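# Examining the three-dimensional arrangement
Chain by chain, the residues run as shown.
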Amino acid sequence: MTDAIDYQEIFREIVSGFTDADDRGDVAAYIPELVKIDPRKLGIHLTTVEQIHYSFGDSDEKFSIQSIAKVLSLTLALKILGKDIWTRVGVEPSGSAFNSLVQLEYEKGIPRNPFINAGAIVVCDILVSCLTDPKVELLEFIRETSGIPTIDYCSTVAESEKRMGFRNIALVNFMKDFGNIHNDADLVLDLYFHLCSIEMSCKELVQAFLFLAADGINPVTKTTVINSQRSKRINSLMQMCGFYDEAGEFAFRVGLPGKSGVGGGIVAVHPGKFCIAVWSPKLNENGNSHKGMKVLEEVTTKTKFSIF
Ligand code: GLN
């Protein structure tokens, strides 16, 4: 059912209400390539399940989607492996930073969830075990899911991250010691760094994630990406774990399942209604887009469309 809401006007109102105090945070500096991004960029795109589009600002500009891509790698692994995946990675919020090592020691190498770095690395290990050419097949899956054949990795970002990825190197080796990484650590990390380097615009992100607003079926391509029960589970995981140690804050302020990335992007889903993506590169201390969270909070407050 179409909502008689002019989201475009709402986006304009929200952005024109921003003050200097809203312009906080820093671009991610630990991945050298990401520091080059213009911190003033701001893009918003919303598509309803009936495929009505609303956009604002730099919504057509591609950026590094980083950890947002972890939802798509999980979707593919779930399709291939089914529920057995949950013997290798948990479904609980971590309450700690996205790249933290601490829980892994006392939880014997089983990451809390698939969206912290450790969990996404295990998902990559699963894909390396199950696929013949993991980098190619993962990209094909994302292109099919979104219906956008031009989506690609950015090798400069992947290389940049590989050079500085000491924590991720530590995580994969630590988990290998516990027996939860089955393949060569470098091979697994190569897939992980490429996954994080994928570039999409807000508009493309929404198109790739719209299946989570429509019971697993992409309303644009009409293809079943995943069954409705698994679509529900992915949304639940985004609700509980999509923002690391700020998942509670995001639920409290926005009230939608979502996923962030250190490129400054956030995707959020209202099952049955819409998918929205925001991009603003300056991050808060938890690695989530400062303005992105603010835009989403105001959208759900003004429209009253949160899931709660
Ligand atoms: N590629 C980043 C990393 O591994 C992803 C982190 C993120 O987007 N939160 O650190």
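Heads up: the structure comes first, above all this text.
Residues numbered from 1 in each chain as written. Predicted model: local features only at pLDDT ≥ 70, side-chain atom pairs only at ≥ 80, totals over all residues. Heavy atoms only, no water.

### A short note on the packing of aromatic side chains
Definition in use: Here is the rule: rings of Phe, Tyr and Trp (six-membered ring for Trp) pair when centre to centre is within 6.5 Å. Planes less than 30 degrees apart are stacked, more than 60 are edge-to-face, and the remainder are tilted. Helix and strand labels come from DSSP, where a helix needs a run of H or I of at least four residues and a strand needs a run of E of at least two; each type is numbered from the N terminus. Burial classification: accessible surface area is computed with a 1.4 Å probe over protein chains only, and a residue below 20% of its type maximum counts as buried, one above 50% as exposed, and the rest as partly exposed. A ring is scored as having a charge over it whenever the NZ atom of a lysine or the CZ atom of an arginine sits within 6 Å of its centre and within 35 degrees of its normal.
Applying the stated criterion to the full structure yields eight aromatic pairs. Ring geometry for Tyr30 against Phe98: centres 6.2 Å apart, planes inclined by 35°, an arrangement best described as tilted. With Tyr30 in the loop between helix H1 (7-16) and strand E1 (43-48) and Phe98 in the loop between helix H2 (70-81) and helix H3 (102-106), this pair connects stretches of sequence that are 68 residues apart. Note on Phe243 and Phe250: the rings are 3.7 Å apart at their centroids and 15° apart in plane angle, and the pair reads as stacked. Grouping residues by exposure puts Phe243 and Phe250 together as buried. Lys273 extends its terminal NZ or CZ atom over the ring of Phe305, reaching a point 4.4 Å from the ring centre.

### Regarding the site of the ligand
What counts, and what does not: A cutoff of 4 Å decides nearness: a residue is near a molecule or strand if any of its heavy atoms lies inside that distance of it. Pairs of N or O atoms within 3.5 Å make up the polar contacts considered here, provided that, within protein, one atom can donate a hydrogen while the other can accept it, and that residues adjacent in sequence are counted only when both atoms are side-chain atoms. Accessibility throughout is a Shrake-Rupley quantity obtained with a 1.4 Å probe, and a residue counts as covered only by protein chains that appear here.
All residues in the neighbourhood of the ligand are listed as Tyr30, Gln66, Ser67, Phe98, Asn117, Glu161, Asn168, Tyr192, Cys196, Tyr244, Gly261 and Val262. Between the ligand and the protein, one listed contact pairs an oxygen atom with a side-chain N or O atom of Asn168 at 2.9 Å. One nitrogen or oxygen atom from the main chain of Val262 is found 2.9 Å from an oxygen atom belonging to the ligand. When the free accessible area of the ligand is taken as 300 Å², the share hidden by the protein chains comes to 99%.

### Re the side chain of Ser260
Note the cut-off: By definition, residues are in contact when any of their heavy atoms lie within 4.5 Å.
Note that Ser260 resides in strand E5 (residues 258-260). By relative accessible area, Ser260 is classed as buried at 0%. Within the local environment of Ser260, its side chain forms a polar contact with the side chain of Asn288, the two groups lying 2.6 Å apart. Contacts of Ser260, omitting those with residues within four sequence positions, involve Ser67, Ile68, Gly242, Phe243, Tyr244, Gly265, Ile266 and Asn288.

### A few points about the environment of Lys203
Checked against the element boundaries, Lys203 lands in helix H9 (residues 202-209). Apart from the residues lying within four places of it in its own chain, the contact partners of Lys203 are His45, His53, Ser59 and Asp60.

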